[in-house]
Each structure stands twice: as structure tokens, then as C-alpha cells.
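# Topology and contacts: notes
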Amino acid sequence: MGLKVLNTPRLLIRCYQLWDEVLLKDAIDSSLDHLQPWLEWSLSEPETLERKKERVIENIQKFKNWEDWTFGIFTPDNGKQLGAIGIHPRVWPWWLEIWYRLRKDAVWYGYMTEAVREVMKFWFVELWADFVEIHTSLKNLSSAQIPKRLWFELRDELLEKRTWPRKVRYMTKDVYQKRISH
Ligand SMILES: CC(C)(COP(=O)(O)OP(=O)(O)OC[C@H]1O[C@@H](n2cnc3c(N)ncnc32)[C@H](O)[C@@H]1OP(=O)(O)O)[C@@H](O)C(=O)NCCC(=O)NCCS
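### A look at the overall build of the protein chain
Of regular secondary structure, the protein chain possesses 6 helices and 8 strands. Across the protein chain, helices and strands are ordered from the amino to the carboxyl terminus as β-β-α-α-α-β-β-β-α-β-α-β-β-α. When its C-alpha atoms are laid out on the principal axes, the protein chain stretches across 40 × 35 × 30 Å. Across the 182 residues of the protein chain, 31% fall into the buried class. Pairs at least 24 apart in sequence give 57% of the contacts found in the protein chain among residues at least 6 apart.

### Topic: the site of the ligand
Close to the ligand lie 20 residues; Trp38, Val107, Gly110, Met112 and Thr113 are nearest. Taken together, the elements giving at least two residues each to the shell around the ligand come down to α2 (32–35), β5 (95–102), α4 (111–126) and α5 (141–149). Ranked by residues supplied to the shell around the ligand, first place goes to α5 with 4 residues. Taken together, the residues of the shell around the ligand break down into 11 nonpolar, 8 polar and 1 charged.

### Quick look at the nonpolar core
Of all hydrophobic cores here, the largest spans 38 residues; its most connected members are Phe71, Ile73, Ile85, Tyr111, Ala115, Val119 and Trp123. Broken down by secondary-structure element, the contributors of at least two residues to this core are β2 (12–15), α1 (21–29), α3 (49–64), β3 (69–74), β4 (81–91), β5, α4 and β6 (131–137).

### A short note on α4
Across its 16 residues, α4 extends 22 Å between first and last C-alpha, which sits within 8% of the 22 Å expected from 1.5 Å per residue. Every buried residue of α4 is listed here: Tyr111, Met112, Ala115, Val116, Val119, Met120, Trp123 and Phe124. In the segment just after α4, Trp128 is the residue with positive phi, at about 55°.

### Some thoughts on the sheet that holds strand β7 (residues 153–158)
The strand order across the open sheet formed by 8 strands is β1-β2-β3-β4-β5-β6-β8-β7, and the pairing between neighbours is mixed. The open sheet terminates on both sides in strands that have one partner only, identified here as β1 (5–7) and β7. Sheet twist, expressed as the average angle between the axes of neighbouring strands with direction ignored, equals 25°. Examined bridge by bridge, β3 and β4 share 6 bridges and lie antiparallel to one another. Opposite Trp69, over in β4, you have Ile87 as the bridge partner. Lying over the sheet, α4 contacts β1, β2, β3, β4, β5 and β6, oriented at roughly 40° with respect to β4.

What counts, and at which threshold
Residues numbered from 1 in each chain as written. Predicted model: local features only at pLDDT ≥ 70, side-chain atom pairs only at ≥ 80, totals over all residues. Helix = DSSP H or I, 4+ residues; strand = E, 2+ residues; numbered from the N terminus. Buried ≥ 20, exposed ≤ 12 C-beta atoms within 10 Å, placed from the backbone. Contact = placed C-beta atoms within 7 Å. Near = placed C-beta within 6 Å. Nonpolar A, V, L, I, M, F, W, Y, C, P; charged D, E, K, R; others polar. Core = buried A, V, L, I, M, F, W, Y, C linked by C-beta atoms within 7 Å. Expected span 1.5 Å × (residues − 1). Pairing = 2+ DSSP bridges. Axes fitted to C-alpha atoms, helices over the stretch in contact; angles between N-to-C directions.

The structure is reproduced here in C-alpha cells:
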């Protein structure tokens, strides 16, 4: 699969390109206090620009090989990275899990709801997924609002089984076609 670009009225959503490390680093470094309460990996940030370049290359490779899909979310002029959204295969090919983050100054504009809605089209139509889930911490209310707004249903509440208490919500292709796709 080549360069994948999804456009919404306010966003450019695309897989990474080789020169993206500077924008990626800025999107994370500018927002550490906003990301660290929720994303464990961000406790080891900031990383060097060289390491970010390696990560961009890894992401491009995995996207091309259909192993894992990360999209950067950018302003339409491609000048600033607003966030990222990704899809991990859990039980390939039909069961996927999504994740997302925005930079600190990009929250409360509805960007992530807009991005998830667009990326749904990609996973249900182009990846032929049947089932997608999202795990949100019980305390992360703004993250949980996004699947709720988009008709995800509650599947499970995992209080002790994994490292952090979370709610698992899911969306099926059937519900997507009935509620979202038109
Ligand atoms: C989780 C996260 C992406 C949510 O960001 P967000 O800005 O709240 O989500 P959205 O982009 O969908 O925006 C929705 C908010 O924008 C508001 N909004 C403003 N203009 C809007 C518009 N045109 N359309 C839709 N919503 C709009 C909505 O009212 C809503 O606010 P509310 O929940 O108070 O009602 C963000 O807080 C984040 O990056 N957190 C840190 C990382 C993280 O927790 N990731 C998730 C791990 S599970």
C-alpha cells in the first residue's frame, strides 16, 4: 500500500513520510504534561530527533506491510502535526484496536471525533475489518466520549485483568453501515 491520505474538512490525515520527524517531535514535546497521565510510553519522552526519524521509518514500513497502521493528523497545509491515530491488528484480519492522541493545543475542537469517523471508513471499507475496539481508562473521560459519540457499544470493564482499569468499547461493521457510513 502506498502513501495513504484521508481528508476531512479540517484535517489532513496521512501515513508518515520520511521527513516527518520534526513535526512528530514537536507534537509530542509540546504536550508532555497532557500526554503523560494517559500514555505510558510518553514518560520516556522527549526523544532525540534521530530516534524520532527511526520511528517514522518503522511506521512507514509497518503501514506498507499491512502490519500496523499509524496516521499523523496534520493541519491541511501540512505545516503542523495535531496528533496521531493508529490501528493495531489484534486478531487479524477482522479484529482491530484503535488508539489516538492530540497535541495539547488541539483539544476541544472536535478534531479527534472527525479523525476517528474518517479512519473508520478506512478500516471497515479498505481493511475489511468486522470488529474494532477501543480501550479507555476509567478516568480518561474525554477519551471515552469519542467512541460514545460515534455509536461504539460497551463490551467490557476490565478492572484488574490488565495494568490499568479500563472500559472496552466496540463497533461492528454492521453498526457502522447502519449509523455512520451515510
Ligand atoms: C483523548 C483526546 C484525543 C480527546 O480530545 P478532544 O479534543 O476532547 O476530542 P475531540 O477532538 O473529539 O473533541 C471533542 C470536544 O471538542 C468539542 N468541540 C468543539 N468544536 C467541535 C466541533 N466542531 N465538532 C465536534 N466537537 C467539537 C466537543 O464539544 C468536545 O468537548 P466535550 O467533550 O467537552 O463536549 C485528547 O484529550 C488527548 O489527546 N488526550 C491525551 C492522550 C489520550 O488520552 N489518548 C487516549 C488514550 S485512550
